[in-house]
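If you want the building blocks of each chain, they are given just below.
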Amino acid sequence: MLRRLNDALPGLVLGIIAYGAAVFLAGIWFVPDKLRFTTGLAIGIALACGMAVNMAVVLRDAVEIYGEAKARSKIIARSITRYLVVVIVFFVMMKWELGSLPAAFIGVLGLKISAYLQPLAHRFISKLGGRGDVPSDSRENEAL
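Please read these numbers as outputs of a predicted model, since none were measured by experiment. (Residues numbered from 1 in each chain as written. Predicted model: local features only at pLDDT ≥ 70, side-chain atom pairs only at ≥ 80, totals over all residues. Heavy atoms only, no water.)

Colleague: Please explain the overall build of the protein as it appears in this structure.
Modeller: Of the regular secondary structure elements, the protein holds five helices and zero strands. Counting from the amino terminus, helix and strand elements in the protein follow one another as α-α-α-α-α. Buried positions account for 29% of the 144 residues belonging to the protein. Approximately 10100 Å² of the protein is accessible, and the part contributed by carbon and sulfur atoms is 67%. (Helix = DSSP H or I, 4+ residues; strand = E, 2+ residues; numbered from the N terminus. Buried < 20%, exposed > 50% of the residue type's maximum accessible area, 1.4 Å probe, protein only. Areas by Shrake-Rupley, 256 points an atom, 1.4 Å probe, with all protein chains shown as cover.)

Now the structure itself:
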């Protein structure tokens with residue numbers, strides 16, 4: 001389903017989840033309130049995954065539905081809405097003490113970390129699959 005929106009989206013979401021697992025395993029030993037840390041990190045990772053999917057949907061819709069003329073304004077409006085949702089979720093977390101706010105922020109940063117590491121992860125996965133650096137239109141692939 002995610003691949004229908006964007007070819008890079010499954011790798012991006014997987015990177016966010018892997019980042020969250022790494023932060024959890026590294027951070028759980030150093031925090032006094034483990035439940036709040038875990039809850040905050042889970043909320044942050046969920047927000048990051050939701051933001052990634054929302055960005056893919058907005059970009060696809062802006063290009064396919066609205067066309068080039070209105071695409072820029074729609075992308076900006078949806079970006080502001082997306083960040084407003086993050087601020088509201090953080091405010092609710094703070095008001096009702098639902099989790100650690102710094103852990104949630106670190107979880108949301110998983111979107112940025114995953115986006116930066118996605119090309120490296122894609123190259124690594126391609127090499128593991130035996131595809132290497134051979135372009136898809138090269139003559140070496142015709143024999144396969």
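Don't stop here, the text continues.
Colleague: Whenever I open this one, the UniProt feature "transmembrane region" (unreviewed entry) in the protein confuses me. Can you help?
Modeller: Per the UniProt entry, the sites bearing "transmembrane region" (unreviewed entry) are residues 12-31, 37-59 and 80-96 in this numbering. Structurally, residues 12-31 comprises 80% helix and 0% strand, and the distance from its first C-alpha atom to its last is 28 Å. Between the C-alpha atoms that bound residues 37-59 the distance is 33 Å, and the span itself is 100% helix and 0% strand. (UniProt positions renumbered as here; feature names shortened; annotations may be inferred.)

Colleague: Sorry if this is basic, but what is going on with unusual backbone geometry here?
Modeller: Across the chain, the bulk of peptide bonds are trans and the bulk of non-glycine residues have phi less than zero. Non-glycine residue Glu97 carries a positive phi angle of around 50 degrees. With respect to the helices and strands, the residue Glu97 is situated in the loop between α3 (34-96) and α4 (101-108). For Glu97, a relative accessible area of 57% translates into the label exposed.

Colleague: Got a minute to help me understand the nonpolar core in this structure?
Modeller: In globular proteins that are soluble, nonpolar side chains generally tend to be buried together. In terms of nonpolar packing, the biggest core is built from 24 residues, with Leu9, Ile16, Phe90 and Leu111 touching the most fellow members. Of all the elements in the fold, those that place two or more residues in this core are α2 (9-27), α3 and α4. Examining the composition of this core, we find that 12 residues originate from one element, α3, more than from any other. (Core = buried A, V, L, I, M, F, W, Y, C linked by side-chain atoms within 4.5 Å.)

Colleague: Where do I start with a nonpolar patch on the surface in this structure?
Modeller: Among the surface-exposed residues, Phe105, Ile106, Leu109, Ile113, Tyr116, Leu117 and Leu120 lie close enough to one another that they form a single nonpolar patch of about 680 Å² accessible area. Mapped by element, the contributors of at least two residues to the nonpolar patch are α4 and α5 (110-128). In terms of residues, the nonpolar patch owes the most to one element, α5, which gives four residues. Within the secondary structure, Leu117 is located in helix α5. (Patch = residues over 30% accessible without salt bridge, like charges linked within 9 Å, V, L, I, M, F, W, Y side chains within 5 Å. Salt bridge = Lys/Arg side-chain N within 4 Å of Asp/Glu carboxyl O.)

Colleague: Before we go on, may I ask you to explain α2 in this structure?
Modeller: In an α-helix, one turn spans 3.6 residues, which is why side chains three or four residues apart end up on the same side. With 19 residues, α2 extends 26 Å from end C-alpha to end C-alpha; this agrees with the ideal 27 Å at 1.5 Å per step. All of the buried residues in α2 are Leu9, Leu12, Val13, Ile16, Tyr19, Gly20, Val23 and Gly27. Down the axis of α2, the buried set is contained in an arc of 120 degrees. They therefore lie on one face. Away from its buried face, by an angle of more than 90 degrees, α2 presents the exposed residues Leu14 and Leu25. (Expected span 1.5 Å × (residues − 1). Arc of directions from axis to C-beta.)

Colleague: Quick question: what am I supposed to make of the pattern of salt bridges here?
Modeller: Close approach of charged atoms allows side chains of opposite charge to pair. Going through the model one piece at a time under the given rule, you end up with three salt bridges. Where Arg36 meets Asp33, a salt bridge forms, and the shortest distance between an N and an O atom there is 3.9 Å. Exposure remark for Arg36: the relative accessible area of 30% places this residue in the partly exposed category. With a relative accessible area of 40%, Asp33 lands in the partly exposed category. Residues Glu97 and Arg36 are paired through a salt bridge, measuring 3.9 Å at the closest nitrogen-oxygen approach. With Glu97 in the loop between α3 and α4 and Arg36 in helix α3, the pair connects residues that are 61 residues apart, well separated along the chain.

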